[in-house]
Structures are given as structure tokens and as C-alpha cells.
Amino acid sequence: MHILTRCTRQHNLRTIKKSVFPSPINVIWHIIFDTTTLKDIDAELLNELHVTTLLKHRGSNMISGPEQGRFLSWNSQLIKPKRILELGTFTGYSALCLAEGLQPEGCLITIERDETVLNTARDFFNRSVYADRIISLSGNIQDHLIQQQGPFDLIFMDADKKTYRAYAEALI
């Protein structure tokens, strides 16, 4: 099982990536951005979702966005998971990026408590090539964790940061 979490601190990844000083982080970002390519339709859908989120949703800074999305996609493509669990969907950007690495028969289960943002996510999921492989659940994450049957090959925690420990304990 692989568990990824998102920190609350945001770094300006574009600045880091374009830095003139050679460093391991620059090499890593070069590998990620050069090896994870999107089909035109995927790129257009993700771009539209990013813009929609920024324009229509309160707390739009919570979206994973292009840089983190490519990182999530890269991890998913390396792991090639059959089952992914995402805790905290927001508008679905990260779920769509994680789905890029799913095995053909794989599925991604994502849980979000805010019905408003989840409706946006569901709209974009239904328009994606992963529509039949993403299951979105609404409600309290802890309640849904009790019902989920593992194992999961990849878990992405991007919800209430204060409850990460409780989520991890429930999953292990």
C-alpha cells in the first residue's frame, strides 16, 4: 500500500522548476513533467476544471492544480494501481490525475463531505474517459472508511489535515 498526503504549505513549484541552480528537485521535476504526457482531451478537461474551480468555488486555492496533478499522475503511473482511495475530492482534479495510472480494470473511490464541490467533480468525472472507473461518495470520511473493503494499492489523503492520523489508523 502506498499512502500520499498533501501538506498545507504550498511552494511555488514553477519557480523551483525553472531555477538555474542544478539540484535534485529540478531533476525530479524534469523527469515528472517530461514523462507524464496528457492526451489533448484530458489536458482540455483538466484545464477547464482548473478554471471552473478558480472562478466558481470558495477555497479554490485547495485545488491540486497542474504541478501537483502531474506529480500525482506520475506516482500513479509508476505504481499502476488496481484500486485507489482518495480522501477529500474537492472538485476532482487530483482524482482525474490519479486515474491516469489505473490498470484497465481498476477503480478509484473518492470521498468528499462538501456536496457542492462534489457535484462539480462528478460533472467532470462523467465527461472524462474514467467515468466508469471513478466512484464518488458523499459524506463524512470516517463513516465511509468503516465501510470500505481493502486492500488499496494507493491512498491519497487530501482532506482535513488534523485527522490524517485517524484516517491512517482506520486504514491500516
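Residues numbered from 1 in each chain as written. Predicted model: local features only at pLDDT ≥ 70, side-chain atom pairs only at ≥ 80, totals over all residues. Heavy atoms only, no water.

### Some details on helix α6 (residues 115-127)
Then, in step 1: When the terminal C-alpha atoms of α6 are compared, their 18 Å separation across 13 residues agrees well with the 18 Å that a helix rising 1.5 Å per residue should span.
Then, in step 2: All buried positions along α6 are accounted for by Val117, Leu118, Thr120, Ala121, Phe124 and Phe125. End-on, the buried residues of α6 take up no more than an arc of 155°, which puts them together on one face. Looking at α6, the residues exposed on the side facing more than 90 degrees away from the buried face are Thr116 and Asn126.
Then, in step 3: The N-capping residue of α6, defined by a side-chain oxygen 2.9 Å from the backbone nitrogen of Thr116, is Asp114. (Helix = DSSP H or I, 4+ residues; strand = E, 2+ residues; numbered from the N terminus. Expected span 1.5 Å × (residues − 1). Buried < 20%, exposed > 50% of the residue type's maximum accessible area, 1.4 Å probe, protein only. Arc of directions from axis to C-beta. Polar contact = N/O pair within 3.5 Å; in protein donor to acceptor, adjacent residues only side chain to side chain.)

### A few points about the environment of Arg127
Then, in step 1: By the secondary structure assignment, Arg127 is in helix α6.
Then, in step 2: Remark: the alpha-carbon pair of Arg127 and Asp42, spanning 85 residues in sequence, is separated by 9.9 Å.
Then, in step 3: In this structure Arg127 touches Leu45 and Glu48, once residues within four positions along its chain are discounted. (Contact = heavy atoms within 4.5 Å.)

### Some details on the packing of aromatic side chains
Then, in step 1: One pass over the full model with this rule turns up one aromatic pair.
Then, in step 2: Between Phe71 and Trp74, the aromatic rings sit 6.2 Å apart at their centres with planes inclined by 40°, giving tilted as the arrangement. Residue Phe71 and its partner Trp74 are located together in helix α4 (residues 65-79), separated by three residues, close to a single helical turn.
Then, in step 3: Since its relative accessible area comes to 31%, Phe71 is described here as partly exposed.
Then, in step 4: In this structure, Arg83 is placed above the aromatic ring of Phe152, and the distance from its NZ or CZ to the ring centre is 4.3 Å.
Then, in step 5: Directly above the ring of Phe124 sits Arg127, whose terminal nitrogen or CZ lies 4.8 Å from the centroid. (Phe/Tyr/Trp six-rings, centres within 6.5 Å; stacked < 30°, edge-to-face > 60°. Lys NZ or Arg CZ within 6 Å of the ring centre and 35° of its normal.)

### Quick look at the nonpolar core
Nonpolar side chains in soluble globular proteins tend to end up buried together.
Then, in step 1: Counting residues in each nonpolar core, the largest one holds 24 residues, and the members touching the most others are Ile84, Tyr93, Leu96, Leu98, Leu108, Phe125 and Ile134.
Then, in step 2: Contributing elements (two or more residues each) for this core: α3 (40-56), α5 (93-99), α6 and β5 (154-157).
Then, in step 3: If one sorts the elements of this core by residue count, α5 sits on top with six residues.
Then, in step 4: If near-sequence neighbours (up to four positions away) are discounted, Ile84 is found in contact with Ser76, Leu98, Leu102, Cys107, Leu108, Ile109, Phe152 and Leu154. (Core = buried A, V, L, I, M, F, W, Y, C linked by side-chain atoms within 4.5 Å.)

### Digging into the confidence of the model for the chain
Then, in step 1: Averaged over every residue, the pLDDT of the chain is 83; residues scoring 70 or more account for 76%.
Then, in step 2: Under a pLDDT of 50 for its full length, residues 8-21 has, in the predicted model, 16 contacts with residues more than four places off or in other chains. (pLDDT = per-residue confidence, 0-100.)

### Let's talk about the pairing of strand β2 (residues 83-87)
Then, in step 1: Counting buried residues along β2, four of its five residues qualify, which places the element largely inside the surrounding structure.
Then, in step 2: In the sheet, β2 pairs with strand β3 (residues 107-112) via five bridges, with the strands oriented parallel. Paired with Ile84 across the two strands is Leu108, which belongs to β3.
Then, in step 3: After leaving β2, the chain enters α5 and then returns to the sheet as β3, a path that is right-handed.
Then, in step 4: The pairing of β2 with β5 spans four bridges and is parallel. Across the sheet, residue Leu85 finds its bridge partner in β5, namely Ile155. (Pairing = 2+ DSSP bridges. Right-handed = clockwise from strand over helix to strand, strands pointing away.)

### Notes on the pattern of salt bridges
Then, in step 1: The final tally for this structure, using the stated rule, is six salt bridges.
Then, in step 2: Residue Lys161 is joined to Asp158 by a salt bridge in which the shortest nitrogen-to-oxygen separation is 3.1 Å.
Then, in step 3: Residue Asp158 is classed as buried on the basis of its relative accessible area of 13%.
Then, in step 4: In the salt-bridge network here, residues are joined through shared partners; they are Glu48, Asp123 and Arg127. (Salt bridge = Lys/Arg side-chain N within 4 Å of Asp/Glu carboxyl O.)

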